[in-house]
Protein chains: 2
Amino acid sequence: MRLSQYFMPILRDDPKEAEIVSHKLMLRCGMIRQEAAGSYSWLPLGYRVLRKIEQIVREEQNRAGALEVLMPTIQPADLWRKSGRYDAYGKEMLRIKDRHDRDMLYGPTNEEMITDIFAQGVQSYKDLPRNLYHIQWKFRDEVRPRFGVMRGREFLMKDAYSFDLTREAGQHSYNKMFVSYLKTFARMGLKAVPMRAETGPIGGKDSHEFLILADTGESEVFLDRAFHDMDWSTFEIDYDNVEAVAKVVDEFTSKYAATSEMHDQADYETRVPADRRVTGRGIEVGHIFFFGTKYSEPLGAVVQGPDGKMVPVQSGSYGIGVSRLVGGIIEASHDAAGIIWPEPVAPFRVGLINLKVGDAETDAACEKLYAALEAKGVDVLYDDRDERAGAKFGTMDLIGLPWQVIIGPRGLKDGIAEVKNRRTGERENVALDQLLARFAK
Amino acid sequence: MRLSQYFMPILRDDPKEAEIVSHKLMLRCGMIRQEAAGSYSWLPLGYRVLRKIEQIVREEQNRAGALEVLMPTIQPADLWRKSGRYDAYGKEMLRIKDRHDRDMLYGPTNEEMITDIFAQGVQSYKDLPRNLYHIQWKFRDEVRPRFGVMRGREFLMKDAYSFDLTREAGQHSYNKMFVSYLKTFARMGLKAVPMRAETGPIGGKDSHEFLILADTGESEVFLDRAFHDMDWSTFEIDYDNVEAVAKVVDEFTSKYAATSEMHDQADYETRVPADRRVTGRGIEVGHIFFFGTKYSEPLGAVVQGPDGKMVPVQSGSYGIGVSRLVGGIIEASHDAAGIIWPEPVAPFRVGLINLKVGDAETDAACEKLYAALEAKGVDVLYDDRDERAGAKFGTMDLIGLPWQVIIGPRGLKDGIAEVKNRRTGERENVALDQLLARFAK
């Protein structure tokens, strides 16, 4: 993409309304624009990141055997009356009347609807297990939305729902999602620590939150330093191997980690030696629940078991805050100059800077590299604007692409370009004819 | 995908509520499920088609130089008050009050918001032209939603918006979208005839609808038979070549084609010889508008021109009914046995039928082919259920995958499988070791 033809309205100054760094940086980079309290348009740069995160989430859900569907944003109120949540949900639920005066609502979550879909489509235990998910916009009418996309009202969430015949089978479905979450966040370059959580308004028996560790996190967390020493890279797993999956869950739940809500100081001190006790802050990016028959019973989601008897199915739900992750990753990965994108979610992998637009040789070298990178499928943002070098450097640092390739008349005399690693700040001279091989996979 | 692990709730009988064939077939195949009047969940099979159509639309928008953004579904009413459409829009607009009693609405279209985004981000003619689009769910509260996804209330639309300095430049932007629409629909295997249209509530000066010809179409159309003889395959074009783009538009607008709303019998008889006059029915799948300064003036979308003066920008908007296309394609492509998907939008390219589940040799041959096709990236649905052959054939014909590969004990003795072309019904015996090469690209 040529920056001269892009739409990336950079702000010179920090926007006053932004309280946290991700919100500031997203507004300054022209990634998002506020449309109403807690509601944002995703401009081209921000939208690219959102889509990359969404795609990683999708691929890992599919790998774990979940099937993608899409439920509408607007739901009829009737289903929520059946589960008893229509009145219980409070003012966070955006309630709507259509032109025929029917009660509707903008879905804040989808347990009721998916359970009903499942119940209509499946009659026998032979069709179990099933896990259905969608990636859809939700609306929760928070009293005081803030922190940009970190606590918006309209936000993009992946929510999956598992259906099993027995408690044991349901546990395996829960464990599969647990493991797929570790893999999902690892692919984004994140350490997301699973912590036992309260089940809150979803209800249920078992629940874990996944929190990214970041100094600016919303929650105080207490954990064993051993978490820092674990291997957080992604890994292969056979999801059909019940024991192998359970083993990974054990490994990540046997060490102490808790948010302040669930923290138990006595237990902490018993289990974690003083020199391994770490307190910090975390941002919730995923939340999984096992709730058994809480929704299948009122909504009549029953299947015929092997003995011919009808039994309500065992269910869980599994959420990832897709739009929230964009902010969360920035909170965990930035410096004073701007964002530092992990490569898998970067809007572009390479930022190409032309130091002297109008200079025939520099233009030619940049155009040649730009065309070659595009042809190889490398995401590249080419700053071909007639601006001074300092402004170009500042913009590239601000938007945080992993690699900068800087081409100007001085280097060209020696046949070289400068390559800068945004994360480490390291600069290296690379021969022009080596650049393509360096970035093409 | 193994059918035994899929979620595709087939209905045995035609659903009574469905009046048209696409609605019937989508419900019968388990592609969608109705959640409220005019509101559907997309089940796995239907969702795959929706995503394939969406991706073709996206690729062709990008190719024509449009930049993808995403605006929220819920909009503040204020912007619509500025353009004067808040009161004008009527009951089709879903109006909402949030918990702080602020007037909000579920976006039926986005001229106001995008014009405001543009105005805040662009100040100079040097940053023109720009075309911003998004693919987002819309809500229009129709009095009587019907025909399934063909006239839903919540529907997925691609809407693009162009911004130019002059009327002439705006015409080129309009022409680029016109040409990209021809290419988009051609890639889906559709003949979508452009017809001059009324501008309706969007307003403006110039407008074309794109209609698929289908016997079950909602509109009566009158056209020159010459349209049938044109080349409807996709083609290469240099979008920067103003004349080449205009030439394609001329070619597709010089012949007579009109819906009954715009039909002029005298003009028709003058321009089209009697033996070339064709009447038929069509389904609108795209609509483009050029409206000049209709929104830029009230919303203050002005740029500084080359002479230093501020001028309101010239705009157009360009819609494609993404979810409607799923139904439209079925209306245009089905037979008595079910759907016939054009390959580029088929949910799976190949349906693999195991005629004797449990027979060791048949199972092994099917598993081997299934694994090989998956490894090559071929979308394959493997019917590994323990059902009788007749039911499997019926299901495959109903869901309309382009190719069926049928493997059973009898053919295996001779080392062959049967390959059936769903569209032509042709059957062919193919040696087992030739199957992979046949379907892998």
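- By the naming in an unreviewed UniProt entry, chain A goes by Proline--tRNA ligase and is assigned to Aestuariivirga litoralis.
- Of the comments in the UniProt record for chain A, the one headed Subunit (unreviewed entry) reads "Homodimer."
- UniProt, in its Function (unreviewed entry) section for chain A, records the words "Catalyzes the attachment of proline to tRNA(Pro) in a two-step reaction: proline is first activated by ATP to form Pro-AMP and then transferred to the acceptor end of tRNA(Pro)."

1. Things to note about the packing of helix α2 (residues 44-63) of chain B against helix α6 (residues 167-187) of chain B
All names here are of chain B.
For step 1, the next point in the chain: Between α2 and α6, the least distance of the axes is 9 Å, while the angle of their chain directions is 150°. In terms of orientation, α2 and α6 fall into the roughly antiparallel class. The two elements α2 and α6 meet at a crossing, and its hand is right-handed. In this structure, α2 contributes Ile56, Val57, Glu59, Glu60, Gln61 and Arg63 to the contact, and α6 contributes Met177, Ser180, Tyr181, Lys183, Thr184 and Arg187.
For step 2, the next point in the chain: Counted by class, the contact of α2 with α6 contains four nonpolar, three polar and five charged residues.

2. Remarks on the packing of aromatic side chains
For step 1, the next point in the chain: Following the criterion strictly, the structure yields 33 aromatic pairs over all chains and no others.
For step 2, the next point in the chain: Judged by centre distance (5.9 Å) and plane angle (65°), the rings of Trp403 of chain A and Phe439 of chain A are edge-to-face. Here Trp403 of chain A is found in strand β21 (residues 403-407), whereas its partner Phe439 of chain A is found in helix α13 (residues 432-439), with 36 residues between them in sequence. Summarising the burial analysis for this pair, Trp403 of chain A and Phe439 of chain A share the class buried.
For step 3, the next point in the chain: Ring plane angle 70° and centroid distance 5.8 Å describe the contact between Tyr6 of chain B and Phe348 of chain B, whose orientation is recorded as edge-to-face. Placement of the pair is Tyr6 of chain B in the segment before α1 (21-28) and Phe348 of chain B in the loop between β18 (338-339) and β19 (350-354), with a sequence separation of 342 residues. Both residues of the pair, Tyr6 of chain B and Phe348 of chain B, belong to the buried class.
For step 4, the next point in the chain: Through pairs of rings, three or more aromatic residues link up here, namely Tyr106 and Phe139 of chain A together with Tyr106 and Phe139 of chain B.
For step 5, the next point in the chain: The cationic tip of Lys183 of chain A hangs over the ring face of Phe235 of chain A; the distance from NZ or CZ to the ring centre is 5.2 Å.
For step 6, the next point in the chain: Over the ring of Tyr268 of chain A we find Arg277 of chain A; its NZ or CZ atom is 5.9 Å from the centre of that ring.

3. Focus on the side chain of Arg33 of chain B
For step 1, the next point in the chain: Structurally, the position occupied by Arg33 of chain B is in strand β1 (residues 32-36).
For step 2, the next point in the chain: Residue class for Arg33 of chain B comes out buried when judged on its relative accessible area of 7%.
For step 3, the next point in the chain: Of note is the side chain of Arg33 of chain B, whose polar atom sits 3.0 Å from the side chain of Asp116 of chain A.
For step 4, the next point in the chain: A polar atom in the side chain of Arg33 of chain B sits 2.8 Å from the side chain of Glu35 of chain B.
For step 5, the next point in the chain: In contact with Arg33 of chain B, other than residues within four places in its own chain, are Met113, Asp116, Ile117 and Gln120 of chain A together with Ser39, Tyr40, Ser41 and Leu43 of chain B.

4. Describing the side chain of Arg153 of chain A
For step 1, the next point in the chain: Here Arg153 of chain A shows up in the loop between β7 (130-139) and β8 (154-164).
For step 2, the next point in the chain: Given the relative accessible area of 1%, Arg153 of chain A is considered buried.
For step 3, the next point in the chain: A polar contact of 3.0 Å, which involves the side chain of Arg153 of chain A, links it to the side chain of Asp98 of chain B.
For step 4, the next point in the chain: The contact partners of Arg153 of chain A, leaving out residues within four places of it in the chain, are Ala36, Ala37, Gly38, Lys138, Phe139, Arg140, Asp141, Glu142 and Pro145 of chain A together with Asp98, Arg102 and Met104 of chain B.

5. Overview of the confidence of the model for chain A
For step 1, the next point in the chain: Across chain A, the average pLDDT comes to 95, with 98% of residues at 70 or higher.
For step 2, the next point in the chain: Across the interfaces of the predicted complex, the ipTM metric reaches 0.96, alongside a pTM of 0.97.

6. Brief notes about the interface of chain A and chain B
For step 1, the next point in the chain: Residue-level contacts link 59 residues of chain A with 59 residues of chain B.
For step 2, the next point in the chain: Each partner contributes to the roughly 4,900 Å² buried at the junction of chain A and chain B, and carbon and sulfur atoms together form 58% of this total.
For step 3, the next point in the chain: If you sort the residues of chain A by the area they bury against chain B, Phe7, Arg33 and Arg99 of chain A come out on top, with a joint share of 16%.
For step 4, the next point in the chain: Between chain A and chain B we count four salt bridges in total.
For step 5, the next point in the chain: Across the contact surface, chain A and chain B share 24 residue pairs in polar contact (both at pLDDT 80 or more).
For step 6, the next point in the chain: Taken together, the residues of the side of chain A that touches chain B break down into 30 nonpolar, ten polar and 19 charged.

7. Quick notes on the sheet that holds strand β6 (residues 103-106) of chain A
Residue and element names in this part refer to chain A.
For step 1, the next point in the chain: Taken in spatial order, the three strands of this open sheet run β4-β6-β5, and their pairing is antiparallel. What marks the edges here is a single partner per strand, and that holds for β4 (74-76) and β5 (94-97). For this sheet, the mean angle separating the axes of adjacent strands, direction not counted, is 35°.
For step 2, the next point in the chain: Bridge count between β5 and β6: four bridges; the pairing is antiparallel. Bridging across to β6, Ile96 finds its partner in Met104.

8. As for the domain arrangement of chain A
Residue and element names in this part refer to chain A.
For step 1, the next point in the chain: One can read the domain layout of chain A as domain 1 (10-339) and domain 2 (348-439).
For step 2, the next point in the chain: Centre-to-centre separation of domain 1 and domain 2, based on C-alpha positions: 38 Å.
For step 3, the next point in the chain: With twelve residues of domain 1 at the contact, the number on the domain 2 side is nine residues.
For step 4, the next point in the chain: The three residues of domain 1 that bury the most area against domain 2 are Leu45, Arg48 and Ile339, which together make up 42% of that side's buried surface.

9. Remarks on the relation of the copies chain A and chain B
For step 1, the next point in the chain: For the pair chain A and chain B, the relating rotation is 180°, the translation along its axis is 0.0 Å, and the fit reaches an RMSD of 0.0 Å. Both chain copies can therefore be described as sitting about a two-fold axis. The rotation axis passes nearest to the C-alpha of Ile96 of chain A in chain A, at a distance of 3.0 Å.
For step 2, the next point in the chain: The share of interface residues of chain A whose copies in chain B are also at the interface is 100%, consistent with both copies meeting through the same surface.

10. Let's talk about the pattern of salt bridges
For step 1, the next point in the chain: Inspection of the entire model under this criterion finds 68 salt bridges over all chains.
For step 2, the next point in the chain: Arg438 of chain B is the salt-bridge partner of Glu428 of chain B, the closest N and O atoms lying 3.0 Å from each other. Here Glu428 of chain B, found in strand β23 (residues 427-431), pairs with Arg438 of chain B, found in helix α14 (residues 432-439); they are ten residues apart in sequence, far enough to count as distant.
For step 3, the next point in the chain: Taken together, the shared-partner salt bridges in this structure form one network comprising Glu59, Glu60, Arg63 and Arg187 of chain A.

11. Observations regarding helix α11 (residues 360-375) of chain B
All names here are of chain B.
For step 1, the next point in the chain: In this model, α11 (16 residues) spans 22 Å end to end at C-alpha, consistent with the 22 Å of a helix rising 1.5 Å per residue.
For step 2, the next point in the chain: Taken residue by residue, α11 has Thr362, Ala365, Cys366, Leu369, Tyr370 and Leu373 as its buried positions. Here the buried residues of α11 occupy an arc of 130° about the axis, which is enough to place them on one side. For α11, exposure combined with an orientation more than 90 degrees from the buried face picks out Ala360, Glu361, Lys368 and Ala375.

12. Quick word on the environment of Asp238 of chain B
All names here are of chain B.
For step 1, the next point in the chain: For Asp238, the position within the fold is in the loop between α7 (226-229) and α8 (242-253).
For step 2, the next point in the chain: Sequence spacing of Asp238 and Ala64 is 174 residues, and the spatial spacing of their C-alpha atoms is 9.0 Å.
For step 3, the next point in the chain: Within polar-contact distance, the side chain of Asp238 engages the backbone nitrogen of Asp240 at 2.9 Å.

13. Considering the packing of helix α10 (residues 360-375) of chain A against α13 of chain A
Residue and element names in this part refer to chain A.
For step 1, the next point in the chain: At a closest axis distance of 10 Å, the pairing of α10 and α13 adopts a crossing angle of 20°. By the criterion of interaxial angle, the relationship of α10 to α13 is roughly parallel. At the point where α10 passes α13, the crossing takes the right-handed sense. Contacts between α10 and α13 pair Leu369, Ala372 and Leu373 from the former with Leu435, Leu436 and Phe439 from the latter.
For step 2, the next point in the chain: Split by residue class, the contact of α10 with α13 holds six nonpolar, no polar and no charged.

About the thresholds
Residues numbered from 1 in each chain as written. Chains lettered and ligands numbered in written order. Predicted model: local features only at pLDDT ≥ 70, side-chain atom pairs only at ≥ 80, totals over all residues. Heavy atoms only, no water. UniProt positions renumbered as here; feature names shortened; annotations may be inferred. Axes fitted to C-alpha atoms, helices over the stretch in contact; angles between N-to-C directions. Helix = DSSP H or I, 4+ residues; strand = E, 2+ residues; numbered from the N terminus. Parallel < 35°, antiparallel > 145°, perpendicular 65-115°, else oblique. Left-handed = near helix turned anticlockwise from the far one by under 90°. Contact = heavy atoms within 4.5 Å. Nonpolar A, V, L, I, M, F, W, Y, C, P; charged D, E, K, R; others polar. Phe/Tyr/Trp six-rings, centres within 6.5 Å; stacked < 30°, edge-to-face > 60°. Buried < 20%, exposed > 50% of the residue type's maximum accessible area, 1.4 Å probe, protein only. Lys NZ or Arg CZ within 6 Å of the ring centre and 35° of its normal. Polar contact = N/O pair within 3.5 Å; in protein donor to acceptor, adjacent residues only side chain to side chain. pLDDT = per-residue confidence, 0-100. Buried area = accessible area lost by both parts, 1.4 Å probe. Salt bridge = Lys/Arg side-chain N within 4 Å of Asp/Glu carboxyl O. Pairing = 2+ DSSP bridges. Domains from an automatic or database assignment. Least-squares fit on C-alpha atoms with pLDDT ≥ 70 in both. Expected span 1.5 Å × (residues − 1). Arc of directions from axis to C-beta.

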